[in-house]
Amino acid sequence: MSINTSNNFTLVVICSLFLLISAIHYEPNWKSIDSRPLPSWYDEGKIGIMLTWGVFSVPSFTTEWFWEQWVTGTPSVVAFMQQNYRPDFTYADFAPMFQAEFFDPNKWADIFQAAGARYVVHMTKHHEGFTSWPSKYSFNWNAMDVGPKQDLRKTLPELYEIVNMYKPDILWSDGDWMAPDWYWNSTIFLAWLYNESPVKDTVVVNDRWGSNTPCKHGGFLNCKDKFNPGKLQSRKWENCMSIDRYSWGYRRPATVNQLYSIEDLIALLVETVSYGGNLLVDVGPTSYGTIAPIFEERLRQMGSWLGVNGDAIYATKPWKYQNDSMTPGVWYTSKTGAFGVEVYAITTKWPESVLILADPQVAMDTTVSLLGYSGSLKYKPGATGGIEIYVPQLTIANIPCDWAWTFKMVGLKNA
């Protein structure tokens with residue numbers, strides 16, 4: 001199945017924005033492959049959606065590792081099966097129940113657009129066969145679905161076929177830890193992907209191409225699930241996280257306190273972008289083909305916030321300071337605008353009357369504004385440097401957004 005998107009739904013950036021790198025020939029070794037510039041659309045996009053969907057979505061009891069947990073005797077899973085299914089029931093018996101009868105690709109597309117996402121990755125999961133769901137925008141290849149000691153005459157042709165047939169903009173590999181990169185012929189495949197494939201100028205890959213490659217080789221760095229280095233990185237990285245803190249796939253017993261609140265989700269997004277990363281937000285669809293209302297709400301809330309504050313997120317770069325050295329909960333991003341470098345200070349706590357920042361240094365022509373609020377703001381230089389911004393007196397009815405607020409500064413001395 002694939003998402004049939006409308007003309008005004010842009011998960012990816014127009015091809016003309018991509019870096020043209022086809023003139024360079026890449027050799028099948030990591031030194032050459034790692035030298036490839038990352039296509040600019042990925043860094044500018046900042047936000048992606050990941051979907052973890054499979055037969056495990058039918059029992060939807062623990063996690064996407066349900067089968068393994070059952071086979072290895074996890075007590076809660078064994079008890080669940082004994083209490084709810086006949087004694088001779090097998091995992092394969094769940095497959096006919098995976099009906100996706102309410103799947104509406106246009107509804108999904110609407111949700112992803114409303115969330116402010118710029119790319120989508122669909123994840124298959126382990127031991128379920130080579131059953132990733134391709135879309136025009138991305139494809140996940142899960143090496144663990146095939147596993148070492150299997151016939152690579154099957155694996156590699158399928159991988160080439162995926163690229164040639166679906167022309168993905170992201171190839172997100174996983175399950176690679178079962179064998180080193182040379183077993184998977186990763187460098188040979190990536191050299192072909194960058195030199196000859198139909199997406200050679202535009203495709204982006206992660207770093208999971210063998211047990212020895214995460215956080216070292218590839219396109220952008222995942223390093224590990226829910227990777228958050230807590231500091232600026234020298235290479236582009238991605239924080240792949242799930243709204244359900246305990247599972248990537250849909251989990252029926254989940255409670256609200258086990259999910260990311262919108263406040264925590266936006267705080268993580270801002271921190272991630274400030275440190276130069278992208279945020280890949282995972283939701284698990286149900287076996288009947290819907291995205292549960294609580295997950296839809298989180299995605300739409302995130303998109304609502306981005307509708308006001310997107311200028312401080314999309315196509316930005318880390319500033320020389322990532323978070324304020326005096327006031328906690330303030331994160332910086334920057335970009336070049338029509339009147340010079342724009343520095344954005346995003347605070348996760350609404351300041352009562354004055355926002356004191358230690359790091360921006362004002363000049364005679366510095367201007368300060370609040371995204372979503374018309375007009376410039378008054379300020380003064382701090383007593384020992386920095387800036388004191390006078391916050392407008394707003395009511396709950398006219399405050400620009402509900403969860404975090406962005407102060408835009410143009411014309412700083414140290415921009």
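Keep in mind that this is a model prediction, so the values were computed, not measured.

Engineer: A description of the state of the cysteines should follow, citing residues and the corresponding values.
Structural biologist: What the rule picks out here adds up to 1 disulfide. Between the sulfur of Cys215 and that of Cys223 lies a disulfide, 1.8 Å long from S to S. Between Cys215 and Cys223 the sulfur-sulfur dihedral comes to about 85°; the bridge is accordingly right-handed. Accessibility expressed as a relative area gives 15% for Cys223, which makes it buried.

Engineer: Explain the side chain of Thr333 residue by residue, including any values.
Structural biologist: Mapped onto the secondary structure, Thr333 falls in strand S8 (residues 330-337). By relative accessible area, Thr333 is classed as buried at 1%. There is a polar contact of 2.7 Å between the side chain of Thr333 and the backbone oxygen of Ala312. Those residues in contact with Thr333, other than ones at most four positions away along the chain, are Val273, Ser274, Ala312, Thr316, Lys317, Trp319, Glu342, Val343 and Tyr344.

Engineer: Pulling in residues and values, what's your account of the packing of helix H9 (residues 262-274) against helix H10 (residues 293-309)?
Structural biologist: H10 packs onto H9 with a crossing angle of 55° between their chain directions and a minimal axis gap of 10 Å. Looking at the two axes, H9 sits oblique to H10. Judged by the twist between their axes, the crossing of H9 over H10 is right-handed. Mapping the contact onto sequence places Ile262, Leu265, Ile266, Leu269 and Val270 in H9 and Arg298, Gln301, Met302, Trp305 and Leu306 in H10.

Engineer: Now, about the packing of helix H5 (residues 105-114) against H10: what can you tell me, with residues and values included?
Structural biologist: One can describe the packing of H5 onto H10 by two numbers: an axis separation of 7 Å at closest approach and a directional angle of 40°. One finds that H5 runs oblique with respect to H10. Seen from H5, the contacting residues are Lys107, Asp110, Ile111 and Ala114; seen from H10, they are Glu296, Leu299, Arg300, Gly303 and Ser304. Of the residues belonging to the contact of H5 with H10, the class tally is 3 nonpolar, 2 polar and 4 charged.

About the cut-offs
Residues numbered from 1 in each chain as written. Predicted model: local features only at pLDDT ≥ 70, side-chain atom pairs only at ≥ 80, totals over all residues. Heavy atoms only, no water. Disulfide = S-S within 2.5 Å. Buried < 20%, exposed > 50% of the residue type's maximum accessible area, 1.4 Å probe, protein only. Helix = DSSP H or I, 4+ residues; strand = E, 2+ residues; numbered from the N terminus. Polar contact = N/O pair within 3.5 Å; in protein donor to acceptor, adjacent residues only side chain to side chain. Contact = heavy atoms within 4.5 Å. Axes fitted to C-alpha atoms, helices over the stretch in contact; angles between N-to-C directions. Parallel < 35°, antiparallel > 145°, perpendicular 65-115°, else oblique. Left-handed = near helix turned anticlockwise from the far one by under 90°. Nonpolar A, V, L, I, M, F, W, Y, C, P; charged D, E, K, R; others polar.

All we've got here are geometric facts, nothing functional implied.
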